[in-house]
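Coordinate analysis (summary)
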Amino acid sequence: KRMRAFHASVVWAVALTALSALSTHRTYAFSPSVPLSTSQVIPVSQRMRTSSFSRRGGPLRAVVDGKGAGSVDKTASSTPWPTRASALRRPAAVIVGSTFAFCMQHGFSLPSPLVAPVTLGIISAALINIVGLPLMPYQAPFYVGAFAGTTSTALMSSLPAISLLSLVVVSLFEVFERKGLFPGKGGRLGACATMSSAVFALLISKLSLLSELRALLSPPFSVPSLLAPFAFASAGAVACTTLRRKGWTPVSASATLGSLGTLGIRGSLGGFFYAGTFIGMSANANDREQVPYKSQVLAAAFLALFFQAVGQNILAGVGGKLGAAACAACVTRDSFEKSMRGGSRLKLGRPTPMKLSKFLRDNRNAPPNHAYVGCTREEKTELPPGFTTISLSKVIEDCTPEAFAAASEAIRSWDVFEPSDTQTIAVDEDKAHQMATLAKSSLLPLWVLQPIAKSYVQDLEHRTASAYHTQKGHFLRGEERLSAAYDPATRQVSLELHSVSSGSGPLGKLLFSLPMSKKMQESFFEAQISRVTEIVEEKRLVATLEEKRVKEVVDVENKRIVHDVEFNFLPCF
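Basis of the calculations
- Residues numbered from 1 in each chain as written.
- Predicted model: local features only at pLDDT ≥ 70, side-chain atom pairs only at ≥ 80, totals over all residues.
- Heavy atoms only, no water.
- Helix = DSSP H or I, 4+ residues; strand = E, 2+ residues; numbered from the N terminus.
- Expected span 1.5 Å × (residues − 1).
- Buried < 20%, exposed > 50% of the residue type's maximum accessible area, 1.4 Å probe, protein only.
- Patch = residues over 30% accessible without salt bridge, like charges linked within 9 Å, V, L, I, M, F, W, Y side chains within 5 Å.
- Areas by Shrake-Rupley, 256 points an atom, 1.4 Å probe, with all protein chains shown as cover.
- Salt bridge = Lys/Arg side-chain N within 4 Å of Asp/Glu carboxyl O.
- Axes fitted to C-alpha atoms, helices over the stretch in contact; angles between N-to-C directions.
- Parallel < 35°, antiparallel > 145°, perpendicular 65-115°, else oblique.
- Contact = heavy atoms within 4.5 Å.
- Nonpolar A, V, L, I, M, F, W, Y, C, P; charged D, E, K, R; others polar.
- Pairing = 2+ DSSP bridges.
- Phe/Tyr/Trp six-rings, centres within 6.5 Å; stacked < 30°, edge-to-face > 60°.
- Lys NZ or Arg CZ within 6 Å of the ring centre and 35° of its normal.
- Core = buried A, V, L, I, M, F, W, Y, C linked by side-chain atoms within 4.5 Å.

1. Quick look at helix α10 (residues 267-280)
The first and last C-alpha atoms of α10 sit 21 Å apart over 14 residues, in line with the 20 Å expected at 1.5 Å per residue. Taken across its 14 residues, α10 has eleven buried, putting it largely inside the fold. Taken together, the buried positions of α10 are Gly270, Gly271, Phe272, Phe273, Tyr274, Ala275, Gly276, Thr277, Phe278, Ile279 and Gly280.

2. Observations regarding a nonpolar patch on the surface
Taken together, the side chains of Leu210, Leu213, Leu216, Leu217 and Val310 define a hydrophobic patch exposed on the protein surface, amounting to about 490 Å² of accessible area. Note on placement: Leu213 falls in helix α7 (residues 209-216). Taking the relative accessible area as the measure of exposure, Leu213 reaches 47% and is therefore partly exposed.

3. Looking at the packing of helix α9 (residues 250-265) against α10
Two numbers describe how α9 lies on α10: the axes approach to 8 Å, and their chain directions differ by 170 degrees. Taken as axis vectors, α9 and α10 run roughly antiparallel relative to one another. Residue-level inspection shows Ser254, Leu257, Gly258, Leu260, Gly261, Thr262 and Ile265 of α9 in contact with α10, the latter providing Gly267, Leu269, Gly270, Phe273, Tyr274, Thr277 and Phe278. Its residues assigned to classes, the contact of α9 with α10 shows seven nonpolar, seven polar and no charged.

4. Observations regarding the pairing of strand β10 (residues 463-470)
Along β10, eight of the eight residues are buried, which leaves the element largely enclosed by surrounding structure. Burial along β10 is two-sided: Arg463, Ala465, Ala467 and His469 facing one way and Thr464, Ser466, Tyr468 and Thr470 facing the other are all buried. Strand direction decides the pairing type here: strand β9 (residues 446-459) and β10, joined by seven bridges, are antiparallel. Within β10, the residue paired with Lys454 across the bridge is Tyr468.

5. Re the pairing of β9
By the criterion of burial, β9 is predominantly enclosed, with ten of the 14 residues buried. Where strand β5 (residues 345-348) meets β9, four bridges bridge the pair, whose relative direction is antiparallel. In the strand pairing of β9, Lys347 is matched with Trp447. Note: strand β8 (residues 434-440) against β9, seven bridges, orientation antiparallel. Opposite Ala439, over in β9, you have Val448 as the bridge partner. Two successive antiparallel strands, β9 and β10, enclose a turn made up of three residues.

6. What to know about the packing of aromatic side chains
Taken as a whole and assessed by the stated rule, the structure comprises eleven aromatic pairs. Through a chain of ring-to-ring contacts, three or more aromatic side chains come together here, namely Tyr143, Phe147, Tyr274 and Phe278. A cation over a ring is seen here: Arg245 above Tyr293, with NZ or CZ 4.7 Å from the ring centre. Geometry around Tyr456 places Arg377 over its ring, the cationic atom sitting 4.1 Å from the centre.

7. Quick notes on the nonpolar core
By size, the foremost hydrophobic cluster in this structure holds 56 residues, and its most contacted members are Tyr143, Val144, Leu189, Phe278, Ile279 and Leu303. The contacts of Leu303, once residues within four sequence positions are left out, are Ala233, Phe272, Ala275, Gly276, Ile279, Ala325, Ala326 and Ala329. If you look at the next biggest cluster of nonpolar residues, it comprises 25 residues, including Ile411, Trp414, Ile452 and Leu497.

8. Structural notes on the environment of Ile390
With respect to the helices and strands, Ile390 occurs in strand β6 (residues 388-396). Ignoring any residue separated from it by four or fewer positions in sequence, one finds Ile390 in contact with Leu497, His498, Ser499, Gln521, Glu522 and Phe525.

9. Considering unusual backbone geometry
At Leu315, a residue that is not glycine, the phi angle is positive and equals roughly 50 degrees. Examined against the element boundaries, Leu315 turns out to sit in the loop between α11 (293-309) and α12 (321-341). By relative accessible area, Leu315 is classed as buried at 16%. Positioned with a positive phi, Trp414 is a non-glycine residue whose angle comes to about 55 degrees. With respect to the helices and strands, the residue Trp414 is situated in the loop between α14 (401-413) and β7 (423-427). The class for Trp414 is buried, based on a relative accessible area of 1%.

The values are spatial; any link to function lies outside them.
Take a look at the structure:
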């Protein structure tokens, strides 16, 4: 009976919140990092497209014209309710949130601990939209306290325990707010709650750093296990973003959709749906131009990857982990898109020749992304700091000069892949020095285009070498050299590939550290050696067949000559 009554109250709260939001058509210029007061409500028709917050200069007030373009005025007078919760009210709101979640976990048989923050978010939204209480500045403190309160009852089993946890959350949340950590990022409240709960677990000796390190080294996840979490997280992110663009506040949109995930879908997939709504809580989520839906889906992919690869294995029982994964996903997404704008491109499906040509033209003047161009020359053997090296070699016996010439031509033009390969090198027809690497992702149906350019070409009598370096916007930084040498005495063609590389930028370094990236890089290099070997083998086979044919012709001609000699001179005897 108690659970049925609870579910009924949640359903009514959701319905009332939805009706209120749809009837008022209001939107708040609100960020989880710096909430604005209720006196700064902005109509949907005049929604700001620019950020109305300052990291260091304090809260800013929006000045909006009738066309929807926004500006910021630091000198605007203060409003009746402060734009930041006061020093005492904000900690009190955090304590209320954590205590509320603790009481719900111990007083009800909840299908998921996440029901607690969902319920608190809905109640606060209802009090704001229906009753009219000025609680907007306190929605974020309520929510972060409730996230921390989802910590397992095995860790938080008494009132002294929840009191200690509340103090830790209050302290860290003040640090987040005053230092402006992860400003405007979705999931920052969950990240704060996770850090607070982890500190709390350490203080009560329920968390072992050695055990957590072992958990990090646990067996890797399988790729199919990402598909369902990615789908549900994407649905949550898109749904929350849609509500934000219809005028809902971040907490109201997230909590309302969270009730569908925790009480409707349920299970781990319901949790991922709810986690996806944290992405939609980002401060700029209601800006269609700055954050399109595909960006939210990309963040959902990172969320599913981070939680499945790391989050589910560590910090057992700690609250807020899905929010922390969402925050990490938003940060990674922004870094990824920033690097994409610098040169690299992510394509859904293999790029057409026209798109390849456009990409090559766009990056003709792109500078190198490192200062070690030419570092693969033999006379420069010192490895640049922070770089790793990969070397491959192969010797092909019984080759002709024609086979070496064919290998040299392929190396000079970088025609070292089959056209149908899932990884290849494209060369600009007009500017032969400009090139690009094209590779298909092993996890998602995506193709990655990244800019490279020729560093140098060495063309000697019995040796040919060509090298390329990475350009600005490439995930890696470094240089690769491919060479072929011919020994006339032994008739051997020696192929050699030498690469020096490291990650470029925070995202590039993260990707470069993954074992999967190392395997893809080695596969990329091995495919080049294999292709040049095929070219040499084909020429060698053609040369062998030609020698055999010439020998047969010579033998036939010799036999004819001998026959003619015998026929002409036989009568003389």
